[in-house]
Amino acid sequence: MRAMPSGYTGPRPPQRPPAVESGYRHCASVDDLPPGQVERLYKRARLLQSMLERGIHLPQTLEHRLGITCFLEPSTRTRVSFEAAALRLGMQLISITAADSSLAKGESDRDTRLTLESYWPDTLIVRTAEAGLPQRWAMDATCSVINGGDGTNEHPSQALYDRYTLWEALGNYRTPTLLFVGDIVHSRVVGSHVRLAALLGTRVYLAGPPAWTTVEEKFAPWPGAWEVVDLESFLPRADAVCALRVQTERGAATGVSLEEYIAGWQLTAERLDRLAPQAMLLHPAPVNRGVELSPELVESPRSWIQRQGGNGQAVRMALLEWCQGVQW
Ligand code: CP
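Keep in mind the model is a prediction, meaning the values are calculated, not measured.

**Brief notes about the sheet that holds strand β3 (residues 123–128)**
Working step 1: The sheet built from four strands is open, its strands ordered β2-β1-β3-β4 with parallel pairing. In this open sheet, the two edge strands, each paired with only one partner strand, are β2 (92–97) and β4 (144–150). The average undirected angle you get between the axes of adjacent strands in this sheet is 15°.
Working step 2: Here β3 pairs with β4 via five bridges, running parallel. When the bridges of β4 are listed, T128 appears paired with D150.
Working step 3: Contacts from helix α2 (residues 77–88) reach β1 (66–71), β2, β3 and β4, with the element oriented near 160° to β2.
Working step 4: Contacting β3 and β4, helix α10 (residues 305–323) runs over the sheet at an angle of about 145° to β4.

**As for the side chain of Q37**
Working step 1: Inspection of the secondary structure puts Q37 in helix α1 (residues 37–53).
Working step 2: On the basis of relative accessibility, which here comes to 5%, the residue Q37 falls in the buried class.
Working step 3: Residues within four places of Q37 in sequence aside, it is in contact with W322 and W328.

**Comments concerning the site of the ligand**
Working step 1: Taken together, S75, T76, R77, T78, R127, H155, Q158, P284, A285 and P286 form the complete shell of residues around the ligand.
Working step 2: Contacts to the ligand include H155, whose side-chain N or O atom sits 2.9 Å from an oxygen atom.
Working step 3: Between the ligand and Q158 there is a distance of 3.0 Å, counted from a nitrogen atom to a side-chain nitrogen or oxygen.
Working step 4: Burial of the ligand by the surrounding chains reaches 91%, relative to a free accessible area of 250 Å².
Working step 5: Of the residues belonging to the shell around the ligand, the class tally is three nonpolar, five polar and two charged.

**Brief notes about the nonpolar core**
Working step 1: Core analysis: the largest hydrophobic core is formed by 36 residues, its most contacted members being V38, L160, L319 and L320.
Working step 2: For this core, the secondary-structure elements that each account for two or more residues are α1, α2, α5 (156–170), α6 (188–200) and α10.
Working step 3: Broken down by element, this core gets its largest block of residues, eight residues, from α10.
Working step 4: One finds L235, V241, L267 and A276 within the second-largest nonpolar core, a separate group that totals 27 residues.

**Description of the pattern of salt bridges**
As a working rule, side chains carrying opposite charge can pair if their charged atoms are close by.
Working step 1: For the structure on display, the rule yields 17 salt bridges.
Working step 2: Here D109 ties to R136 by a salt bridge, and the two come within 3.2 Å at their closest N and O atoms. One end of the pair, D109, is in helix α3 (residues 109–117); the other, R136, is in helix α4 (residues 133–139), and 27 residues separate them in sequence.
Working step 3: Taking the relative accessible area as the measure of exposure, R136 reaches 35% and is therefore partly exposed.
Working step 4: A salt bridge links E232 to R274; its shortest N-O distance comes to 3.9 Å. Taken together, the residues E232 in helix α7 (residues 231–234) and R274 in the loop between α9 (269–272) and β9 (280–282) connect sequence positions 42 residues apart.
Working step 5: With a relative accessible area of 29%, E232 lands in the partly exposed category.
Working step 6: For R274, a relative accessible area of 39% puts it in the partly exposed group.

**Quick word on the packing of α1 against α5**
Working step 1: In contact at an axis separation of 11 Å, α1 and α5 are set at 70° when each is read in the N-to-C sense. It follows that α1 is roughly perpendicular to α5 by the angle criterion. The residues of α5 that touch α1, namely those facing V38, L41, Y42, K43, A45, R46 and Q49, are A159, L160, R163, Y164, W167 and E168.
Working step 2: Here the residues of the contact of α1 with α5 are counted per class, giving eight nonpolar, one polar and four charged.

**Considerations on the sheet that holds strand β6 (residues 204–207)**
Working step 1: Pairing within the open sheet is parallel, and its five strands lie in the order β7-β6-β5-β8-β9. A single partner strand is all that each edge strand has here, and the edge strands are β7 (226–228) and β9. Strand-to-strand twist across the sheet, computed as the mean angle between neighbouring axes with direction ignored, equals 25°.
Working step 2: Of the pairings in the sheet, the one linking β6 to β7 comprises three bridges and is parallel in character. Directly across from L206, in β7, lies its bridge partner V228.
Working step 3: In this fold α5 packs onto β5 (178–181), β6, β8 (240–243) and β9, with an angle of close to 160° to the strand it touches most, β9.

Cut-offs used in this document
Residues numbered from 1 in each chain as written. Predicted model: local features only at pLDDT ≥ 70, side-chain atom pairs only at ≥ 80, totals over all residues. Heavy atoms only, no water. Pairing = 2+ DSSP bridges. Helix = DSSP H or I, 4+ residues; strand = E, 2+ residues; numbered from the N terminus. Axes fitted to C-alpha atoms, helices over the stretch in contact; angles between N-to-C directions. Contact = heavy atoms within 4.5 Å. Buried < 20%, exposed > 50% of the residue type's maximum accessible area, 1.4 Å probe, protein only. Near = heavy atom within 4 Å. Polar contact = N/O pair within 3.5 Å; in protein donor to acceptor, adjacent residues only side chain to side chain. Areas by Shrake-Rupley, 256 points an atom, 1.4 Å probe, with all protein chains shown as cover. Nonpolar A, V, L, I, M, F, W, Y, C, P; charged D, E, K, R; others polar. Core = buried A, V, L, I, M, F, W, Y, C linked by side-chain atoms within 4.5 Å. Salt bridge = Lys/Arg side-chain N within 4 Å of Asp/Glu carboxyl O. Parallel < 35°, antiparallel > 145°, perpendicular 65-115°, else oblique.

Written as structure tokens, this is what we have:
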């Protein structure tokens, strides 16, 4: 913010330095990750996850640090896994939502953030319906800002742990052919995947009704990192197929009827029979069983959906450490 001219010459309140001067990093976007960082994050996530799964006490690398989660839209996975990740590494946590904070009384998001920053937290983790809010917060924040999903724009930690799941299952996170199906245009998950594919020098494939795959403008900055394909003919080429939730709250109801969607693009046992035998089924969830997927597929042998969600905790532990400047 530009300083306003003022005749005031009295004492000024103490100023907290900008985040980067204190050694914090942001993850408001996949664009905040340097090339090469993804593999380091994955190796750290795998180490922490294996310790957790073997009952080994985790290093308290975030002890004496304070995080505030600001979930201004509903969430189960992102909120709980970030909070679990932070608590497991010793971070102390406070959580607010839109409904139980003064946002409900009309306070602006900027005034809310400035108030939260006055308590000297080490990180703010924010989810919001407003595309661009986490990136705006990060511009002049005094602590790390992590994007837990902003409107139809980005969900960087989701994209990171989706590819981590490919690494776990297939031994490679860059080369597997990853196909997204459904409501592409409203998906912040795909927004981050396209950026992540560009960062890794690879490509994601997108299939769905024409009204939901009109993304030429949205993804124009990353040519080569995405391609719209025909679902039926592409299925045999996919190493992983990731269904997406139909985002009715973001306008998905226009352009395609639910009946049309289910007939043309729902992932059914018949459609999945066209996949290679080792190909995986993913979904960032929450799943609308019977819309994006036939209900029984969620818990079918091909499904990695529950493990994918669990991997969110592991990758978010590593991400929190990186954002706090923890050395590995
Ligand atoms: N995948 C995901 O962001 O889920 P939640 O909305 O439950 O956080």
